[in-house]
Every structure is written in structure tokens, then in C-alpha cells.
Amino acid sequence: MAAAAAAPGALGAWQAGRARLVAAGCAPLGPRWTLPGSLAGQRLGPAIRARGWAPAAGGLPSRRGYSSEVKTDDELRVRYLEEENRGIVVLGINRAHAKNSFSKNLVKMLSKAVDSLKSDKKVRTVIVRSEVPGIFCAGADLKERVKMSSSEVGPFVSKIRAVINEIANLPVPTIAALDGLALGGGLELALACDIRVAASSAKMGLVETKLAIIPGGGGTQRLPRAIGMSLAKELIFSARVLDGQEAKAVGLVSHVLEQNQEGDAAYRKALDLAREFLPQGPVAMRVAKLAINQGMEVDLVTGLAIEEACYAQTIPTKDRLEGLLAFKEKRSPRYKGE
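In this text the structure is predicted, and so the values were computed from the model without any measurement.

Cut-offs applied
Residues numbered from 1 in each chain as written. Predicted model: local features only at pLDDT ≥ 70, side-chain atom pairs only at ≥ 80, totals over all residues. Heavy atoms only, no water. Helix = DSSP H or I, 4+ residues; strand = E, 2+ residues; numbered from the N terminus. Expected span 1.5 Å × (residues − 1). Buried < 20%, exposed > 50% of the residue type's maximum accessible area, 1.4 Å probe, protein only. Patch = residues over 30% accessible without salt bridge, like charges linked within 9 Å, V, L, I, M, F, W, Y side chains within 5 Å. Areas by Shrake-Rupley, 256 points an atom, 1.4 Å probe, with all protein chains shown as cover. Salt bridge = Lys/Arg side-chain N within 4 Å of Asp/Glu carboxyl O. Pairing = 2+ DSSP bridges. Axes fitted to C-alpha atoms, helices over the stretch in contact; angles between N-to-C directions. Parallel < 35°, antiparallel > 145°, perpendicular 65-115°, else oblique. Left-handed = near helix turned anticlockwise from the far one by under 90°. Contact = heavy atoms within 4.5 Å. Nonpolar A, V, L, I, M, F, W, Y, C, P; charged D, E, K, R; others polar. Lys, Arg positive; Asp, Glu negative; His and termini not counted. Polar contact = N/O pair within 3.5 Å; in protein donor to acceptor, adjacent residues only side chain to side chain. 1 Å grid on protein atoms, 1.4 Å probe; cavity = no way out; pocket = protein on both sides within 12 Å on 5 of 7 lines; lining within 4 Å. Points joined across faces, edges and corners; volume = space filled by probe spheres on them.

Draft legend 1. Region of interest: helix H12 (residues 282-295). Spanning 14 residues, H12 covers 20 Å between terminal C-alpha atoms, matching the ideal 20 Å at 1.5 Å per step. Within the span of H12, buried status applies to Pro282, Val283, Arg286, Val287, Lys289, Leu290, Ala291, Gln294 and Gly295.

Structure follows, in C-alpha cells:
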């Protein structure tokens, strides 16, 4: 691995791809992180930086006894799960009267929540779900949109796109739990997550062409990357809506489940997946996501150089030594994200 990345061709490819990486939102490494050898001084994404832990306080008891709830706003419920689920954070959209559509306020609340999460060192996985039965997110709030002037529409769509990008750039695994309708911006929000889980009864599609517009929250870019260009074009051109089984068949979601009586089958599966992630090394999870995301945007040789640079970030960590010691002592590791 190191040999491949250190070869002149690989390094040249890395240098050539630097502008592309910076454009993708990269930032300098913190003082604890240094890149190996000739890659020193290059820039990688903020996913490998972990700042202070600032847990929210207070809140109400949650549904189904999963956690304590932190109230940020009525339209968005942020829950830091507890006990065996500690490290999992749930973003629950709660605009029942408007089918969870994106309002100015919801976009503001999402941006605020995500900004807090990306600097929380102890956050390990984020689940995006709905608190409203049968609905994930119906896209933009068209009742609010119709009151906007033409000059207001573009900036508002840019804000939606920006908050969806912020979710995509979270440094920890993200899971979208689709227990209901996900149309337009709602599906774009799900596409920004690393993993999508759906109930078979869920409905999803990029339907913007019906309104004589196009997907504006990243859908034209993320859908082809998820399911391939030809099929993505077909779905966008036709504004077709898929159910959970159809979405699984084309690779749009990773898991599909029959809906349960509580209406949260996808969320429960997302929670199961998040629990699988919890025992792994936190730094490793962050740089693995970084290596995959940035590597997918470049050629293989450059991608291998990115992988080497990311791997190097795990070598000096206490967690790596703890993993080796736990293996030797035949016990579960106790990682601290250091």
C-alpha cells in the first residue's frame, strides 16, 4: 500500500488532484495530525479532526424508551441516545402539518444541529428519520415557496443544498431511515447519508421535473453515483416514484423491511446498524469515511495515495495500541477516540 502511494506516478496524481480535494471541502489537519513522508503539508477533509465534546442538556423522555430528548425546535428533535446506544444521535424531522417539507426554519434548525454534531467528538453515528408516521420528507415547502419572489427562490434552494451538503460531510457514519414518503428534497437528504434503509411501503423519487424544475439539492449528482447514470436519468426524466422493494432492487437503499405496527421498521433497522458501528475505533471510522468519499472522486492511483495518507492517521493513535492489546488479551477493546 505504502509503496504504491509513494511511487512517483502516485504522488504526481496526488499533487494533480489537490485542487479537486480542496474544492471538495478539505481543511488543514490539526496539530496532532501529520501526513506521512512526501505527503506532509497536503490537505485532507475535516473529517479527521475532532474538537471538543459539548453535550446538550435537559429535554423530555423519548418515545419507546430509546433515549433522552433534546429540544432544539418543534420542527426538529435531536436526541443523544443513552446506555448501550451512547454515541448514536437521532435527527427527527417533525413538521406533520407540512409533510416534513423544508421550510426556512427547518433548514435553519438542521444547519444548527449539524454544525454542533460535526464538532462533537463523542458522536459516533447519526440517524436521520421522521417523527411523523408515513412521511420522511416531502421536499420543499411549496406553500412557503409560492409566496417567494423569483429572486428569493434561488438563495433558498442554495440554503437547502448547503445543509444537505453539510450532512453529507459529517465525519461520522450517517443513516437515513425511510419509513414513509421521501420526495424531491426529501430523497436528496437521504442520498446525502452514507446508508439508506427503507420500509417496503415507503415511496421515494426525484419528482421535480413535474414542476418544470430539476433536483436542486444534489439529486442530479448523488443519484447517478448511487445507482448509475442511465437509470438515474430515467428516474429523473420520468419523475417516477419507487417503493421500498423497487428502491432496493436498483441499489437506492441497502435494506428494505416490511413495515411494523409502530411504523418505524426502517428506524429500528437503522438503529441496529448504528449499534454495529459503535464498537469500532472512532478515528478509524472517521478516516475510513474520508478515504472512501474522497477516493471515489479521483482515479485509483490517487485514491490509493489518499488511503495511505488516511491510514497514517491511525498509526500514532492510542486506540490502535488498545486494539492490539485487546486482541492479545482476548477481550473487547475500550476505544476512546484518541
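Draft legend 2. Looking closely at a nonpolar patch on the surface. There is a patch of nonpolar side chains on the surface, built from Leu142, Leu211 and Ile213 and spanning about 270 Å² of accessible area. Position of Leu211 relative to the elements: it lies in the loop between strand E9 (203-205) and helix H8 (219-227).

Draft legend 3. Examining the sheet that holds strand E10 (residues 242-243) more closely. The mixed open sheet is built from four strands, whose spatial order is E5-E7-E9-E10. The two strands at the open ends of the sheet, each matched to only one other strand, are strand E5 (135-137) and E10. Across two bridges, strand E7 (residues 181-183) lies against E9 in parallel orientation. Note that in E9 the partner of Leu183 across the bridge is Gly205.

Draft legend 4. Local environment of the packing of H8 against helix H9 (residues 229-238). Between H8 and H9, whose axes approach to 7 Å, the crossing angle comes to 130°. Between H8 and H9, the angle is such that the two are oblique. With respect to the hand of their crossing, H8 and H9 are arranged in right-handed fashion. Of the residues in H9, those touching H8 at Gly219, Thr220, Leu223, Pro224 and Ile227 are Met229, Leu231, Ala232, Leu235 and Ile236. Considered class by class, the residues forming the contact of H8 with H9 number eight nonpolar, two polar and no charged.

Draft legend 5. Up close: the side chain of Glu188. By the secondary structure assignment, Glu188 is in helix H7 (residues 185-191). Nearest to the buried, unbridged Glu188 among oppositely charged side chains is Arg222, at 7.0 Å. A distance of 2.7 Å separates a polar side-chain atom of Glu188 from the backbone nitrogen of Gly217. Apart from the residues within four sequence positions on either side, Glu188 is in contact with Ile164, Leu206, Glu208, Pro215, Gly216, Gly217, Gly218 and Gly219.

Draft legend 6. Main features of the pattern of salt bridges. As enumerated under the stated definition, the model contains 12 salt bridges in all. Arg225 serves as the salt-bridge partner of Glu297, at 3.3 Å between the closest nitrogen and oxygen. Taken together, the residues span a long stretch of sequence, with Glu297 in the loop between H12 and helix H13 (300-312) and Arg225 in helix H8 at a distance of 72 residues. Take Arg225: its relative accessible area is 54%, and that puts it in the exposed class. Between Asp272 and Arg275 there is a salt bridge; the shortest N-O distance is 2.9 Å. A residue pair is termed a helical-turn pair when its members lie 3 or 4 positions apart in one helix, as Asp272 and Arg275 do in helix H11 (residues 265-277) at three residues. Overall, Asp272 belongs to the partly exposed group, its relative accessible area being 38%.

Draft legend 7. Representation of empty space enclosed by the protein in the model. Under the criterion given, the structure shown has two cavities of 30 Å³ or more. Considering only enclosed or pocket space, the largest cavity measures out at about 40 Å³ in volume. If you go around the largest cavity, the residues you meet are Val123, Arg124, Pro171, Val172, Pro173, Phe277, Pro282, Met285 and Arg286. At three residues, the largest contribution of residues to the lining of the largest cavity is made by H12.

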